[in-house]
Amino acid sequence: MRGSADVEEKNQNGRYDGAEDGIVLRLTGITKRFGPLVANDAISFDLKRGEVVALLGENGAGKTTLMNILFGHYVADEGSVEAFGKALPPGDPRAALDAGIGMVHQHFTLAENMTVLENIALGTQAMWRARLDRGAAARRIRKLSGDFGLAIDPGAVVAALSVGERQRVEILKALYRDARILILDEPTAVLTPAETEALFRTLKLLVAQGLSIIFISHKLHEVMAASDRVLVLRAGHLVGERRTAETSRSELAALMVGQEIAPATVAPAKAGPPLLELANVSTRAGGGGAALDEVSLTLRGGEITGLAGVSGNGQAALAALIAGTMQPLGGDIAIGSATVKEWSPRRALASGIARIPEDRHAVGTIGDMSVTENVISERYRSARFSRLGFLDWRAARGFAEEIIADYDVKCPSPEARIRLLSGGNMQKLILGRALDPEPSVILANQPTRGLDVGAVSYVHKKLLEARARGAAILLISEDLEEILALSDRILVMSKGRLSTPSARGERTVRELGELMAGHAEAGA
Amino acid sequence: MRLEPKPTPPLGVTLLFPVAAIAATLVITSLLVLAAGASPFSVFYLVARGAAGTQFAALETLTRATPLIFTGLAVAVAFRAKLWNIGAEAQLYIGGVVTIVLGTGALPLPSFLLIPVIMLAAMAAGALLLLGPAVLKTRFGVDEVVTTLLLNFIVLLFVSMLLEGPLKDPMGLGWPQSQRVVAEAQLPRIIQGKRLHYGFVIALCAAAIVWVIMKKTVLGYEMRAVGHNAEAASFAGIPVNRVLMKTALLSGGLAALAGFSEVSGLKGNLTLDLSPGYGYSGIVVAMLAMLNPLGVVASAIFVAGIFVGADAMSRTAGVPSYIADVMVATALLTMVTAILMSRYRMRWR
């Protein structure tokens, strides 16, 4: 039970004298504007000792801005922050650190070529101390990691660690500096289900020791599982505050988007002809994951094939292969019935393959170019957009406006740099670019990762529309719920190999989980 | 101090950045002028008058700006695609060598044919010179900053060898200089009796053509895409390596035109002091112009004006003309800072 009585009790032996009523952090009337955009509008809330507060909201709702103000990265236009009864000077991360506030960012800030110990102790010692007292530091790290279930070897080099382990290092870094308030920005976005559970266990140990935690997320089930109290942000406003025990997923979802969302309904599939076939294809290792080992796969029209698996088992290589950025080392790729000889992104596009890449910032878009320049990037050579080596900017701009209207993209103008768009709007543009030419095959690699509920359902709707039109879709996702909801056929990837396919509902979640963990089926 | 990203400022504000950078440059260099025992106001006045105060001064500034426009364009084109061509100096000299090889009587052609042939040949040579580093970069990942920079010294020594050997002027009294180009290979002067020549007009045309390439063509789009995000460009099917090769060819060719124009329009022969670092100054010119081809013309004239004006100033005020180098270098630093500040907002605690 995570009831409030529990919390009140712990407050009796509070270590910090300045705290009244067990309130360790108080935000009052925080307002932050970026030009005409109000990222935070008069937001106030308190954080109590020994409490996990979830900050829930869509992308662009203002969660990260709020935390950046709290941590001193941004200066609020109005409002104040008080920690342990003392006002924090605005815009001073040092003061936030000294006051016992630690932040674990979504993107880690570790020096890869240094050890865990060096990363944690970095910057905690005076500069004139020539040597680090490694013995004492290592003992302290071991104690902290033992106390809070954050197993890690202080001597390991960060480059060799998995994403989950790196996150543990970040948390240890904050604890090593005596953080009493821990802010976690989308901590589960990069974790496997098992790692997420371990993280939640750690959070419980931390609050049991009297720490307070702010947990930023847009995933409802995690918020329900890990928090005591939920604050919901929408478009910069604090629109709701609920005790987790007294609310429900559907209530939170409605608060978050401001409307009810109907789940996607899926009509049974009418499988068409094979549109893309891989026969015994092998590749080199790619994207930090396994190589493909004689993989055979057939994608049929009118069907969504879901590819489940723990990240790093060859999904990146398979996606790169189909996208055309990776060459097969052996085996055949056939489009329709013709075997492909040369293979490149341009060939893939010309063969009618649409690609939705996993990383929309680094791979899917060119951040410093405009929306217009980005939507034509896959087709700028076509007669529609260029003639005799000259681009037709009027046609390009028209196309951008078409996609902005058709796909409901919120952006200031087609000339705006795409970097300024939120993740969901960026993904809608990528969808528009990929789906507009009515592709026969669609590679959707983590198409909804990091998106809010509204954008997720939009992406799903568009994929189902393409399926109804007769396209063959390969959906690669680490979100098993998404795979189960959309796929007509499910494959599991493990160590560079594919399982036998199963039809919708044929295998249980548990069976899929075993395949994901790499246990071959008996007799398979 | 911290940096916060901010949206692109409107064009009017963007145009203020070079102005602000130049103002900051004047403030910083005035300290050095004070240290040299002169009054900053009189020194800057003398520089300005020396650069544009008389018809002679203004024409001299434009003459000096001509090679800087070419090297500035070369750098702007290359940097736009993030191909770091530090070797415009070498490409300039190769352009000069080709001009001498073809322009001293080897080709018996009339002027209207000979000059275009020499221009194209010079561009081809400069282009090929930069193709080497570009191939090494795309094939083997060799850093082009190192290769292009070191090629400058190799090419200068190569030119020195030519001027002591095959290209040495037999009538040159033993000086390391080449024969003069024939009359048909000379670019005419724009005004009779003045030094300003048609190389300046060619430079203006080059700037206009490069602007059109960058803004309106498929190639320019590809170059910008590769420069901004090569991985995303490659994913979208843009042939990154081929685009870098084309960029190298264009950039090297433009830099070589600087050498052609200096030899054919101004000097008439090739010596080892053909360029007082025009290749390197081209980097400043391109940065001051924020890599905009039309901006390159303005910033080349500005930089040339400082050099010309500082020469005149040092004769009158007794402050060494090295102040020009300091001003240009300071302008580069302040401009890079200004560009950074156009993308990020500074927060002091």
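Residues numbered from 1 in each chain as written. Chains lettered and ligands numbered in written order. Predicted model: local features only at pLDDT ≥ 70, side-chain atom pairs only at ≥ 80, totals over all residues.

(A) Spotlight on helix α14 (residues 393-406) of chain A. All names here are of chain A. Over its 14 residues, α14 extends 20 Å from the first C-alpha to the last, a length consistent with the 20 Å expected when each residue adds 1.5 Å. Of all the positions in α14, only Ala-396, Phe-399, Ala-400, Ile-403 and Ile-404 are classed as buried. Viewed end-on, α14 has its buried residues packed into an arc of 135 degrees, placing them on one side of the element. When the buried face of α14 is taken as reference, the exposed residues oriented beyond 90 degrees from it are Arg-394 and Ala-405. Looking at the buried residues of α14, the elements they touch are α13 (371-375), β18 (390-391) and α15 (423-435). Directly after α14, the chain includes Asp-408, whose backbone phi takes a positive value near 55 degrees. (Helix = DSSP H or I, 4+ residues; strand = E, 2+ residues; numbered from the N terminus. Expected span 1.5 Å × (residues − 1). Buried ≥ 20, exposed ≤ 12 C-beta atoms within 10 Å, placed from the backbone. Arc of directions from axis to C-beta. Contact = placed C-beta atoms within 7 Å.)

(B) Main features of the packing of helix α1 (residues 11-35) of chain B against helix α2 (residues 40-52) of chain B. Residues and elements named next belong to chain B. As a packed pair, α1 and α2 sit with axes 9 Å apart at the nearest point and diverge in direction by 115 degrees. Compared by their axis directions, α1 and α2 come out roughly perpendicular. Both α1 and α2 take part in a crossing whose hand is right-handed. Listed contacts from α2 to Leu-26, Ser-30, Val-33 and Leu-34 of α1 are Pro-40, Val-43 and Phe-44. Looking at the contact of α1 with α2 residue by residue, the class counts come to 6 nonpolar, 1 polar and no charged. (Axes fitted to C-alpha atoms, helices over the stretch in contact; angles between N-to-C directions. Parallel < 35°, antiparallel > 145°, perpendicular 65-115°, else oblique. Left-handed = near helix turned anticlockwise from the far one by under 90°. Nonpolar A, V, L, I, M, F, W, Y, C, P; charged D, E, K, R; others polar.)

(C) Geometry of the interface of chain B and chain A. Each partner contributes to the interface: chain B provides 21 residues, whereas chain A provides 30 residues. At the level of elements, α8 (218-228) and α9 (230-235) of chain B are the ones that each hand at least two residues to the side of chain B that touches chain A. Tallying contributions element by element places α8 of chain B first for the side of chain B that touches chain A, with 6 residues. Its residues assigned to classes, the side of chain B that touches chain A shows 9 nonpolar, 6 polar and 6 charged.

(D) Representation of the confidence of the model for chain B within the structure. The pLDDT averaged across chain B works out to 92; a share of 96% of its residues lies at or above 70. Interface predicted TM-score (ipTM) for the complex: 0.87; the corresponding pTM is 0.76. (pLDDT = per-residue confidence, 0-100.)

(E) Up close: the sheet that holds strand β12 (residues 295-300) of chain A. Residues and elements named next belong to chain A. Overall, antiparallel pairing links the 4 strands, which are arranged β12-β11-β14-β15 in an open sheet. Looking along the sheet, the strands with just one partner apiece sit at the ends: β12 and β15 (338-339). In this structure, strand β14 (residues 330-335) lies alongside β15, joined through 2 bridges in antiparallel fashion. Following the sheet pairing, Ala-334 is matched in β15 by Thr-339. (Pairing = 2+ DSSP bridges.)

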